[in-house]
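Residues per chain are reported as follows:
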Amino acid sequence: MAQRSPPLHRRRALIVEDEAVIALSLEGDMRQLGFDTCDLAADEQEAFSHASSNQPDVVLMDVNLEGGCEGIDAAQRLREACDVPIVFVTACNDRDTLARIHRVVPGAPVLGKPVWRDRLADAVTAVTTFRMW
């Protein structure tokens, strides 16, 4: 009798971005990078709902979220609750914001918008291959 192989792990990404066009673009990029499932969230509550029901392999996080939510604190809570790697994708690249990201979510790469797929691929590979925190 033939033995059945265990199902392959489907790589999952959670994209937390309040601008739909950017979220869909990131979703397309992640699919091109081999992620089978990409959940989209516009705010912290949606992000936690998706993360708790479908454990992601990586989270792409914007700094400014829908409803005035702040992505840095949301990323810290997601990392603590789900032990998931974070990559920030943001237009907020001032010195104070970058310092806060690195202090609150150590080891999380920060990519500026617009995002180049090769830089996204490098950042995702780095955080999913090597735990940086």
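Above this text sits the structure in question.
Residues numbered from 1 in each chain as written. Predicted model: local features only at pLDDT ≥ 70, side-chain atom pairs only at ≥ 80, totals over all residues. Heavy atoms only, no water.

Undergrad: Can you lay out the environment of Pro114 for me, pointing to particular residues and giving the numbers?
TA: Looking at where Pro114 falls in the secondary structure, it is placed in the loop between strand 5 (110-112) and helix 5 (117-129). Along the chain, Pro114 and Ile86 lie 28 residues apart, while their C-alpha atoms are 18 Å from each other. (Helix = DSSP H or I, 4+ residues; strand = E, 2+ residues; numbered from the N terminus.)

Undergrad: Got a sec to walk through the pairing of strand 3 (residues 58-61)? Specific residues and values, please.
TA: Where burial is concerned, the two faces of strand 3 agree: the one with Val58 and Leu60 and the one with Val59 and Met61 are both buried. With four bridges joining them, strand 1 (residues 12-16) and strand 3 adopt parallel strand pairing. Residue Leu14 lies in a different strand from strand 3, and its bridge partner there is Val59. Sheet analysis places strand 3 next to strand 4 (residues 86-90), joined by three bridges and oriented parallel. Of the residues in strand 4, the one forming a bridge with Leu60 is Val87. The handedness of the strand 3 to strand 4 crossover, carried by helix 3 (residues 71-82), is right-handed. (Buried < 20%, exposed > 50% of the residue type's maximum accessible area, 1.4 Å probe, protein only. Pairing = 2+ DSSP bridges. Right-handed = clockwise from strand over helix to strand, strands pointing away.)

Undergrad: Got a sec to walk through helix 5? Specific residues and values, please.
TA: If you check helix 5, its first and last C-alpha atoms are 18 Å apart, about what 13 residues at 1.5 Å a residue would give, namely 18 Å. In this structure, the buried side of helix 5 is in contact with helix 1 (20-32), strand 3, strand 4 and strand 5. (Expected span 1.5 Å × (residues − 1). Contact = heavy atoms within 4.5 Å.)

Undergrad: Kindly report on the packing of aromatic side chains, identifying the contributing residues and their values.
TA: Enumeration according to the criterion identifies zero aromatic pairs in this entry. Lying across the ring of Phe35, Arg11 places its NZ or CZ 4.1 Å from the centre. (Phe/Tyr/Trp six-rings, centres within 6.5 Å; stacked < 30°, edge-to-face > 60°. Lys NZ or Arg CZ within 6 Å of the ring centre and 35° of its normal.)

Undergrad: Mind laying out the environment of Glu17, listing which residues take part and the relevant values?
TA: For Glu17, the position within the fold is in the loop between strand 1 and helix 1. Each C-alpha atom, one on Glu17 and one on Ala74, is 12 Å from the other, the two residues being 57 residues apart in sequence. For Glu17, the residues in contact, after removing those within four places along its chain, are Ile22, Ala23, Ala41, Ala42, Asp62, Leu65, Val89 and Lys113. A distance of 3.0 Å separates a polar side-chain atom of Glu17 from the backbone nitrogen of Glu19. (Polar contact = N/O pair within 3.5 Å; in protein donor to acceptor, adjacent residues only side chain to side chain.)

Undergrad: Describe helix 2 (residues 44-53), and please don't skip the residues or the numbers.
TA: For the α-helix, the turn length of 3.6 residues means that residues three or four positions removed from each other point alike. Looking at helix 2, one finds that the buried residues are Glu44, Ala47 and Ala51. On an axial view of helix 2, the arc spanned by its buried residues comes to 60°, and they lie on one face. In helix 2, those exposed residues whose orientation departs by more than 90 degrees from the buried face are Gln45, Ser52 and Ser53. Elements that come into contact with the buried residues of helix 2 comprise strand 1, strand 2 (37-41) and helix 3. (Arc of directions from axis to C-beta.)

Undergrad: If you had to explain the pattern of salt bridges to someone new, which residues and values would you point to?
TA: One pass over the structure, following the stated rule, counts eight salt bridges. One salt bridge in this structure joins Glu44 and Arg77, with 2.6 Å as the shortest N-O distance. Here Glu44, found in helix 2, pairs with Arg77, found in helix 3; they are 33 residues apart in sequence, far enough to count as distant. For Arg77, a relative accessible area of 36% translates into the label partly exposed. Arg100 is the partner of Glu70 in a salt bridge, and the nearest nitrogen-oxygen pair spans 2.7 Å. With Glu70 in the loop between strand 3 and helix 3 and Arg100 in helix 4 (residues 95-104), this pair connects stretches of sequence that are 30 residues apart. For Glu70, a relative accessible area of 26% translates into the label partly exposed. (Salt bridge = Lys/Arg side-chain N within 4 Å of Asp/Glu carboxyl O.)

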